[in-house]
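# Summary of structural features
Here is what each chain is made of, one letter per residue.
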Amino acid sequence: MPDIIDVQNLVVVYPDGTRAVEDISFNVKEGEFFGFLGPNGAGKSTTIKTLTTLLRKASGRVSVAGYDLDKSPKEIRKSIGVLTQETSLDVDLSGWQNLHLQGRLQQLHGSILDDRIKELLKLVQLEDVAKKSAGRYSGGMRKRLDLASALIHKPKLLFLDEPTTGLDTQSRAAIWEYLEGLNRNEDITIFLTTQYLEEADRLCRRLSIIDHGKIIADGTPWELKEAIGGETITLTLTDASLKSRTMDILKSIAGISNAMVSDSGVVAYAKNAGQIIAEVITTLDRNGIRPSFLSIGSPTLDDVFLRETGRRIRADELSRRETEPFLM
Amino acid sequence: MSLLERYLTKLVKNPTLLGTNLFTPLLFLVLFSQLLTKFSTFLPGQSGGYLAYLTPGVVMLNAMIGAPQGGVSLANDLNSGFLSKMLLTQVVRPAILLGRLLTDMFVTVIQSIITIVVAVAMGVTISSGLPGVLLMLLTAAFFEFALSGVFLTVGIRTRKTETISALSGVLFFPLIFISSAMFPVSFFPDWAQTVAKYNPVSYASDVTRDLVVGGLTVNTFVSAYLLIGIIALASFLATLYQFRKVIS
């Protein structure tokens, strides 16, 4: 399969001098479901805005849908659909009117446009509310309408900037299903950015993990997690000053391949974590260390991020949950 | 064209906005003409009395009230991401600005027609007839266009609708009252007469007034259109400059 997106040494600098994207290179093949996973401010939106012709790059070579970004931005805009992070609908217009306007702006007319609107309203299940003002839609409905409007001109490549941020679990699951269907049934290539681990894990066949404008890891979700080696033992410590000593103690236990300090405690990696957990607890206890929380799990993409950066993707949320003392 | 359709649909869906925008001019027209009937005695040689004097000023007030709408709309589209969405389509970029400008000019024309109809119903005769009315509408639309560029520039630059509202509040009252729009300049103290002499609102009102009461000279017409034209050109270039900065 040929590359539908090819990015070489892309650098994007904001007018205030911030280097938002720092020399990244990646490629996406036709028909692929590809993702950028990273925390807020990692450079995900900047990359999407650059690739979709909304931001100017400082340097690098970018080709999208077979067109050079510098030479043919108009042709690129014709071939792509974009779902921006802000749900950009006209809330005064109805669902149908929003799609109609978008269609007209994309040079569609008459019965071709009317048929396409019907088809899309059916796809995102908004037929019943098509005549209501978009302002009266729920967050999930707005996102679905926005998705439909991004598809109006049948793009072969779809860019999605954090499509489910701020949505409830149910709406998120619905969006996931639409996206999987589009990729599988309509053969639309999808480039998605997300800060949600499970979203990247479930949807993306291949992904890059991005932080501070740099790609820090890439591969299939399975490859990335496999590279961690074994299972994870996560410990939360109330006393932060014990972190590095705990890490050293854990490293000395046979069977533990590696240990790292994280935001709220220490994470250790082991091939058969269940078999050595008793030893971990007794060894720590002997040294006077009592974690407030301990868990064993399969490695997640967050562990990949942690290994590369020493931080969690969503540090705030995780540490809040981990400090709840429901174990030990 | 589809963008014009968008704005007009929005307008129809927000009848309160149109109502509020029309309310002030009509209130001025009815209230002032009824309260200040004695002004007519100070206007010797003018047919139609104070009501005929006031009508053109109120038409210009319509233009002034319409002017900030474009700036507000563009600031909102910038903040909501709707502008990005439009930029990603195949629409030619100047059309985004043009669609907005045309809408506001159109609304000004509609409001002005309503104002003129009310004035005529109250007894005003437009001495220049239908061609005169058309020229009045054109002047109102042109004046609205010239002023809207100021607010579009501010709207794109600050992205804050509050700034536009504040600016329009600060600008409007002095501009409208220290001009020949509402009251004859000869009633003013010297300093206000000087301000009114250079106030563009006076120029726009004078042309329109001569169309109502008669006696439009080439000189009045040319000087007004020249001044409005200069403002229009300057504000439009400023708008274009800000707009290009945003879209590139």
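Source: prediction; values computed, not measured.

## Thoughts on the interface of chain B and chain A
At the junction of the two partners, chain B supplies 22 residues and chain A supplies 27 residues. Summing both partners gives a buried area of about 2,300 Å² for chain B against chain A, and 54% of it is carried by carbon and sulfur. Joining chain B to chain A, the criterion identifies two salt bridges. Between A:Asp146 and B:Lys85 there is a salt bridge; the shortest N-O distance is 2.9 Å. Linking chain B with chain A are eight residue pairs in polar contact (both at pLDDT 80 or more), by the criterion used here. Listing elements by their share of the side of chain B that touches chain A, those giving two or more residues are helix H1 (2-13) and helix H5 (82-87) of chain B. Looking at which element gives the most residues to the side of chain B that touches chain A, the answer is H1(B), with seven residues.

## A short note on the sheet that holds strand E5 (residues 67-68) of chain A
Residues and elements named next belong to chain A. One open sheet accounts for four strands, arranged E2-E1-E4-E5; its pairing is antiparallel. Each edge of the open sheet carries a strand with a single partner, namely strand E2 (19-29) and E5. One ladder, built from two bridges, connects strand E4 (residues 59-64) with E5; its direction is antiparallel. Paired with Val-64 across the two strands is Tyr-67, which belongs to E5. Along the sheet, helix H1 (residues 44-51) contacts strand E1 (3-13), E2 and E4; its crossing angle with E1, the most-contacted strand, is approximately 115°.

## Side note on the confidence of the model for chain A
This prediction gives chain A a mean pLDDT of 88; 95% of its residues lie at or above 70. Below a pLDDT of 50 lies the segment residues 315-328 of chain A, which in the model reaches 20 contacts outside its immediate sequence neighbourhood of four places, other chains included.

## Thoughts on the pairing of strand E13 (residues 265-270) of chain A
Taken residue by residue, a regular strand's side chains alternate between the two faces of the sheet. Residues and elements named next belong to chain A. Most of E13 sits inside the fold, with six of its six residues counted as buried. Across six bridges, strand E11 (residues 231-236) lies against E13 in antiparallel orientation. By the bridge assignment, Glu-231 is partnered in E13 with Ala-270. The pairing of strand E12 (residues 256-261) with E13 spans five bridges and is classified as antiparallel. Looking at E13, one finds that Met-260 is bridged to Val-267. Count of turn residues in the E12/E13 antiparallel hairpin: three residues.

## Focus: the nonpolar core
With 94 residues, the main nonpolar core has A:Ile5, A:Phe26, A:Leu51, A:Val64, A:Phe159, B:Phe143 and B:Met182 as its most contacted residues. Of the residues forming this core, the biggest block, 12 residues, is contributed by helix H3 (residues 49-66) of chain B. The next biggest cluster of nonpolar side chains, apart from the first, holds 50 residues, and it includes A:Leu121, A:Ala134, A:Leu182 and A:Ile209.

Conventions we followed
Residues numbered from 1 in each chain as written. Chains lettered and ligands numbered in written order. Predicted model: local features only at pLDDT ≥ 70, side-chain atom pairs only at ≥ 80, totals over all residues. Heavy atoms only, no water. Contact = heavy atoms within 4.5 Å. Buried area = accessible area lost by both parts, 1.4 Å probe. Salt bridge = Lys/Arg side-chain N within 4 Å of Asp/Glu carboxyl O. Polar contact = N/O pair within 3.5 Å; in protein donor to acceptor, adjacent residues only side chain to side chain. Helix = DSSP H or I, 4+ residues; strand = E, 2+ residues; numbered from the N terminus. Pairing = 2+ DSSP bridges. Axes fitted to C-alpha atoms, helices over the stretch in contact; angles between N-to-C directions. pLDDT = per-residue confidence, 0-100. Buried < 20%, exposed > 50% of the residue type's maximum accessible area, 1.4 Å probe, protein only. Core = buried A, V, L, I, M, F, W, Y, C linked by side-chain atoms within 4.5 Å.

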